[in-house]
Amino acid sequence: MARTLLDKVWEAHSVRTLPSGQTQLLIGLHLIHEVTTPQAFQMLKDLKLKVRMPERTFGTLDHIIPTTDQRRPYADPEAEEMAAHMYRNIKEFGLPLFDMATGKQGIVHVIGPELGLSQPGMTIACGDSHTSTHGAVGAIAFGIGTTQVRDILATQCLSMAKPKLRQVRVEGVLAKGVYAKDVILAIIGTLGVKGGVGYAYEYAGDTIDRMTMEERLTLCNMSIEGGARFGYVNPDATTIEYLRGRPYAPQGAAFDRAAAWWKTIATEPGAAFDDVKHLDGGAIEPVVTWGINPGMSVGVSEKIPAPEDQPEAERPTFREALAHMGFAAGQPIKGAKIDVAFVGSCTNGRLSDLRIAAEVAKKGKVASHVRALIVPGSQQVAKAAEAEGLHEIFLAAGFQWRKAGCSMCLGMNEDKLQGREMSASSSNRNFIGRQGSPTGRTLLMSPAMVAAAAITGAVTDVREILK
Ligand code: SF4
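The structure reproduced in this document is the subject of the present report. (Residues numbered from 1 in each chain as written. Predicted model: local features only at pLDDT ≥ 70, side-chain atom pairs only at ≥ 80, totals over all residues. Heavy atoms only, no water.)

**Points about the pairing of strand β2 (residues 23-26)**
For strand β1 (residues 14-17) and β2, the ladder comprises three bridges, and the chain directions are antiparallel. Bridge pairing in β2 links S14 to L25. Relative to strand β8 (residues 157-160), β2 runs antiparallel, the two sharing four bridges. What sits directly across from Q24, in β8, is S159. (Pairing = 2+ DSSP bridges. Helix = DSSP H or I, 4+ residues; strand = E, 2+ residues; numbered from the N terminus.)

Following this line, the structure appears as structure tokens:
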């Protein structure tokens, strides 16, 4: 019988079936960062346990670090304390840490693939919801909580129920000015933020086949925003060429052997899915969220929907969203004024994202009332962008060029919205308070759309700037 990648990877990592019916899964790669580990390490110390497989555990600093001056001690005492905990724990348990001194620091979901740590056929876990990102290389990758971080540190295993599998097929050529971010926002807008609950998503179809690995990383990153436990793309030639030569990928003949195996774990033709959904990629236009979850979105040429047009159960959330955002039903999203523009995060903080944003930044200057930040996803992204002179394009246009970190994706560091500021953001969550101000407002969009909004001062159709 034809099998899916999920079947094969799950089976290969299954230690046993637990009495609960869940599977005890071996975790091939455990990525850790400063926020979800202090308590987990403390629990290990209390139990007098060691890290079971230190060679499969890698740490970085990302959520709390400043993106201006990254010298310690950090100005924020809470950030400094978290960093100090991380350094102490890493040393005590003998684990590698990609900190600023290594030149490899960055957002955990940017550096995993970038360093070749994330590979096809792996199970990957990290104490952060957007671990689904790593599914782009053909891995089963999911976020976990602090207690599960402890479990993996102590046993390298996790108990989990195998989700159902939905294939999301996107076919057609994307229009100019439409990117992977628009595709995933369109998927979530169509299937809903709870549409994926109980499922994993396999992304397929010729639109996905043509995507670069960085585009697939953007796509898989937001699987969790659609309610899916994780999402993946089957490994193919694009995957193999992306991983070739990366420092933690196999090298030489070992790489060829690995690549041959990676091809065998892809879903086989004729494999059955619990569900299949289809999207027309050619019909997608640049997408902008207008509400308080990533499913509340419209095409840039569309109007904000009315609560009365929604199913009864969803109307209260729609009303809350309109009130919070200060929008009226029927209002076009295009032209909504912004105060802050943010290009970065594990969704869209990679080199290709910065290149696209720079293309748009060349067309104008940041509007006088807008604060615009470009935050590379890793030190290596920053270095590569600077080698191409992208930072000079941004600085000349009036953007701030920052150091690598999570930055304004979430309000855990000094990059925060103030008051009711409206942000055009390339990140992944627009929940109330996400960007650091309880009254702040977030419009999610692609990096190109963020750059366009930065220079016009309002939501703009980037296709008009790029033509
Ligand atoms: S960039 Fe945002 S979503 Fe990604 S790891 Fe950092 S805080 Fe989490």
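**Structural notes on the sheet that holds β1**
If you trace the three strands from one edge of the open sheet to the other, you get β1-β2-β8, paired in antiparallel fashion. Of all the strands in the sheet, the pair left with one neighbour each is β1 and β8. Direction aside, neighbouring strands of the sheet carry axes that sit 25 degrees apart on average. (Axes fitted to C-alpha atoms, helices over the stretch in contact; angles between N-to-C directions.)

**Quick look at the nonpolar core**
W290, F327, F394, F399 and L443 are the most contacted members of the largest nonpolar core, which totals 58 residues. The dominant element in this core, judged by the number of residues it contributes, is helix α16 (residues 447-456), at eight residues. Setting aside anything within four residues of it in sequence, one finds L443 in contact with V288, T289, W290, M325, F327, I333, I338, M422, S423, A424, S425 and V459. Formed by 50 residues, the second largest nonpolar core is a distinct cluster that contains I111, M122, A139 and A228. (Core = buried A, V, L, I, M, F, W, Y, C linked by side-chain atoms within 4.5 Å. Buried < 20%, exposed > 50% of the residue type's maximum accessible area, 1.4 Å probe, protein only. Contact = heavy atoms within 4.5 Å.)

**Side note on the packing of aromatic side chains**
Considering all chains together, one arrives at ten aromatic pairs under this definition. Aromatic pair W290 and F318: ring centres 5.3 Å apart, planes at 55 degrees, arrangement tilted. With W290 in the loop between β13 (287-289) and β14 (297-299) and F318 in helix α11 (residues 315-325), the pair connects residues that are 28 residues apart, well separated along the chain. Just as W290 is buried, F318 falls in that class too. Here a set of aromatic residues connected by ring pairs shows up, and it is made of F58, F98 and Y248. (Phe/Tyr/Trp six-rings, centres within 6.5 Å; stacked < 30°, edge-to-face > 60°.)

**Considerations on the packing of helix α13 (residues 351-361) against α16**
Running from N to C, α13 and α16 point in directions that differ by 30 degrees, and their axes come no closer than 8 Å. Here α13 lies roughly parallel to α16, going by the angle between them. The handedness of the crossing between α13 and α16 is right-handed. The segment α13 lies against α16, with D353, I356, A357 and V360 engaging P447, A448, A451, A452 and I455. When grouped by side-chain class, the residues that make up the contact of α13 with α16 number eight nonpolar, no polar and one charged. (Parallel < 35°, antiparallel > 145°, perpendicular 65-115°, else oblique. Left-handed = near helix turned anticlockwise from the far one by under 90°. Nonpolar A, V, L, I, M, F, W, Y, C, P; charged D, E, K, R; others polar.)

**With respect to the site of the ligand**
Around the ligand sit H63, I107, H109, D128, H130, S345, C346, C406, C409, L410, N428 and R434, and those are all the residues in its vicinity. A class-by-class count of the residues in the shell around the ligand yields five nonpolar, five polar and two charged. (Near = heavy atom within 4 Å.)

**A closer look at the pairing of strand β4 (residues 57-60)**
Side chains T57 and G59 of β4 all project onto a buried face; the interleaved residues F58 and T60 project onto the opposite face, where all are buried too. Across three bridges, strand β3 (residues 29-32) lies against β4 in parallel orientation. Within β4, the residue paired with I32 across the bridge is G59. As defined by bridge partners, β4 adjoins strand β5 (residues 97-98) across two bridges and the pair is classed as parallel. Bridging across to β5, G59 finds its partner in L97.

**Describing the layout of surface pockets**
Estimated volume of the largest pocket: approximately 480 Å³. Along the wall of the largest pocket there are 22 residues; nearest its centre are V193, N293, M296, E314 and F318. When residues of the lining of the largest pocket are traced back to their parent elements, those giving at least two are α6 (180-191), β14 and α11. Space inside the second largest pocket adds up to approximately 200 Å³. The element best represented in the lining of the second largest pocket is helix α14 (residues 379-387), accounting for four residues. When its residues are assigned to classes, the lining of the second largest pocket shows four nonpolar, two polar and four charged. (1 Å grid on protein atoms, 1.4 Å probe; cavity = no way out; pocket = protein on both sides within 12 Å on 5 of 7 lines; lining within 4 Å. Points joined across faces, edges and corners; volume = space filled by probe spheres on them.)

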